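# Notes for the structure review
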Amino acid sequence: MELREYVRACRRRWIWIVLPVLLAVGGAVGLSFTQEPAYKSSMILFVSTGSSDPDAKASRLNSYITLLTGPRVAQTVVDRLGEPLTPARVQESLSAEVQAGTDLLVVTAKDESSARSREMVTSATSALIALAKRLDPPAAASDGPTPTISIAQDPVTVQEPGDLVRDVGFSAVLGLLVGGVLVAVREATRKTITEEDDLRRLGIGTVGVISLNGRWARSGQADSALAEAFRRLRSLLPEVAGLRRGPTRGTALLLTAANPKEGTTAVACGLAIAMAETGARVLLVDANLRSPGVGRYLAMDGGPGLADVLAGRAEVGDVLRDPLDGRLTVLPPGEKRRDPGEVLASPKLAATVRELTARFDIVLIDAPPLHGVADAAVLSKVTDGALLIVRANRTRTADVRRSTDLLEQVGARLVGAVLNALPRRLPTEPAAPAKPGIPASVDSPGLVTTLLGEQDDEPEAATPPNPVSGRARVSETALATVDVAHSVITPGTLATRPKTEAPATANGHVVAHAVVRGQARVTEADPDIPAQRSPGHNDPGEGEEGSGGSTKSKDEEQHD
């Protein structure tokens, strides 16, 4: 692994490095605060060697240090102080050093108890003095002064401070090394596609990467970033015109993956919308007859589609759908069949694709995975090129290699690969301050809303006219329209429309928009008699004084 690749791996798997560092530092801090305090007692001994030779002095001082930290002195200390001390513990606690440029020997004892550390250093120095006297041979008068050991300073006990900074620093470095080793081992043993270089090492040209970096997610502009990612993918695609097989035809591009749930449908919808923004006539075909997903993304209901066209039950022009208000045309999968493989093996498949490319500039076909079924291989034979969708950190390298080999065997042209590095759930901005935003799944219809924004609300249906109410009995209820020129409503307490509302008319007839309630009797009138109106109700086309005037019946005159 090169250094550049290792650095990228560390950036990608930064949690693998941070976690060991945090654990090591936390452990060091915890031990520093939980361990018992240590006490250190020190005594200073003055050593007279009786010789002016520096080498002789150094040799004698080193001999005393060896005796002090040896088993004989340790056993003497244990015999004097008793349990819980042991010779090994005493040897570990005792230490000695010579002060530079002097004949002073500093003896130190460390223990959790201040009294015990003081007793240990006192007993050790006494044992050393006694042992040295027994070991030194008697000196002759001509040899000069006899070597002696005397106490220059009594025991001094202090609490040994803990070095927290040193412990934390050492732990952090240790955790960093452990994390780096883990990242290196993981990169050396991983079997999935992680970045574009992994695809290039397989000999596949990467068209683009669909991803959301942390900056967009933190700024709450995931929708803009996602749309820009698909526009970048559109611009990085090879020249579409160079893929087509005829000068008068559009381009048919197959989108497929090695395994299910690689994000093929999401990439197909996003790329289709991005291409439609250029003004090109784009058709998105849902050819995944086993598990269709385009209708779920674009909120389309079921209906006839590709399967019906291939079965000869429908024509192409009759099944095309326009779910995004003219921005994109979609060919749905059609009715679900028991064996989609037989449907796609129809001889009409090639003719259907040719008809679609004759109508549209770009035809994007969302196909099933390459492994498991032969549907994608069949579709790749009738398209101009194939685009392989690879899910980052999920698609195995062996599966990508098998996919390219399969496309090569069937004679398909591999345009490139798209690395789908989108998270499983897309961050979105909240729709309203009072309602928190819910992340939209990349495998859900929320992706299209993220790309296009919220759709305009449909206009509310017009409020129907107020129902006519009254108390008179209606003798005939099968009346749908009233011929103004040939019918008359006999007097009653029939409620009428307000003056500001005009009754709806169609071909000279008044249309009954509401249920007529009441007990008015409808009778046939003489054709020469003009239509009668309720008191105080003017015809919408007339002013205060109509041309025909208003005629009252006898019952109305009597009522007045």
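Everything here concerns the structure above.
This write-up is about the structure you can find in this document. As the structure is a computational prediction, the values presented were derived from the model and not from experiment.

Okay, helix α16 (residues 348–359) next. Between its terminal C-alpha atoms α16 stretches 17 Å, which fits the 16 Å expected from twelve residues at 1.5 Å a residue. Listed as buried for α16 are L349, T352, V353, L356 and T357. Down the axis of α16, the sector holding all buried residues measures 135°, keeping them to one side.

Our focus in this paragraph is the packing of aromatic side chains. Applying the stated criterion to the full structure yields zero aromatic pairs. Cation over ring: R13 sits above W16, and NZ or CZ is 5.5 Å from the ring centre.

Moving on to the side chain of T108. In this fold, T108 is placed in strand β3 (residues 104–111). There is a polar contact of 3.4 Å between the side chain of T108 and the side chain of S42. Beyond its immediate sequence surroundings of up to four residues, T108 is in contact with K40, S41, S42, S93, L94, S95 and V121.

Quick look at the packing of helix α4 (residues 71–81) against helix α6 (residues 114–135) now. With their axes 9 Å apart at the nearest point, α4 and α6 run at an angle of 130° to one another. Classed by the angle they form, the pair α4 and α6 counts as oblique. Both α4 and α6 take part in a crossing whose hand is right-handed. Of α6, the residues touching α4 (which contributes R72, V73, T76, V77, R80 and L81) are E119, M120, S123, A124, S126, A127, L131, R134 and L135. Along the lines of polarity and charge, the residues of the contact of α4 with α6 split into eight nonpolar, three polar and four charged.

Below, the discussion takes up the nonpolar core. If you look at the biggest cluster of nonpolar residues, it comprises 39 residues, and the most contacted ones within it are V285, V363, L379 and V390. Among the elements that line this core, the one with the most residues is helix α13 (residues 306–310), at four residues. Residues within four places of V390 in sequence aside, it is in contact with I193, L199, E262, T395, V400, A417, V418, L419 and N420. With 35 residues, the next largest nonpolar core counts V207, L237, C269 and A272 among its residues.

Strand order in the open sheet formed by seven strands is β5-β11-β10-β6-β9-β7-β8, and the pairing between neighbours is parallel. Both edges of this open sheet fall to β5 (206–210) and β8 (329–331), since each of them pairs with a single strand only. Between one strand axis and the next, the sheet turns by 20° as a mean value, whatever way the strands run. Note: strand β7 (residues 282–286) against strand β9 (residues 362–366), five bridges, orientation parallel. Within β9, the residue paired with D286 across the bridge is D366. Sheet strands in contact with α16 are β6 (251–257), β7, β8 and β9, and its direction is about 120° off that of β6. The sheet strands contacting helix α18 (residues 397–409) are β10 (385–391) and β11 (414–420), and the helix crosses β10 at an angle near 170°.

Attention now goes to the sheet that holds β3. Strand order in the open sheet made by the four strands is β2-β3-β1-β4, with antiparallel pairing throughout. Bordering the open sheet on either side are β2 (94–98) and β4 (148–160), each of which pairs with just one other strand. When strand polarity is set aside, the average angle formed by the axes of neighbouring strands in this sheet is 20°. Bridge analysis of strand β1 (residues 38–48) against β4 gives ten bridges, and the strand direction is antiparallel. Paired with A38 across the two strands is E160, which belongs to β4.

The rules behind each value
- Residues numbered from 1 in each chain as written.
- Predicted model: local features only at pLDDT ≥ 70, side-chain atom pairs only at ≥ 80, totals over all residues.
- Heavy atoms only, no water.
- Helix = DSSP H or I, 4+ residues; strand = E, 2+ residues; numbered from the N terminus.
- Expected span 1.5 Å × (residues − 1).
- Buried < 20%, exposed > 50% of the residue type's maximum accessible area, 1.4 Å probe, protein only.
- Arc of directions from axis to C-beta.
- Phe/Tyr/Trp six-rings, centres within 6.5 Å; stacked < 30°, edge-to-face > 60°.
- Lys NZ or Arg CZ within 6 Å of the ring centre and 35° of its normal.
- Polar contact = N/O pair within 3.5 Å; in protein donor to acceptor, adjacent residues only side chain to side chain.
- Contact = heavy atoms within 4.5 Å.
- Axes fitted to C-alpha atoms, helices over the stretch in contact; angles between N-to-C directions.
- Parallel < 35°, antiparallel > 145°, perpendicular 65-115°, else oblique.
- Left-handed = near helix turned anticlockwise from the far one by under 90°.
- Nonpolar A, V, L, I, M, F, W, Y, C, P; charged D, E, K, R; others polar.
- Core = buried A, V, L, I, M, F, W, Y, C linked by side-chain atoms within 4.5 Å.
- Pairing = 2+ DSSP bridges.

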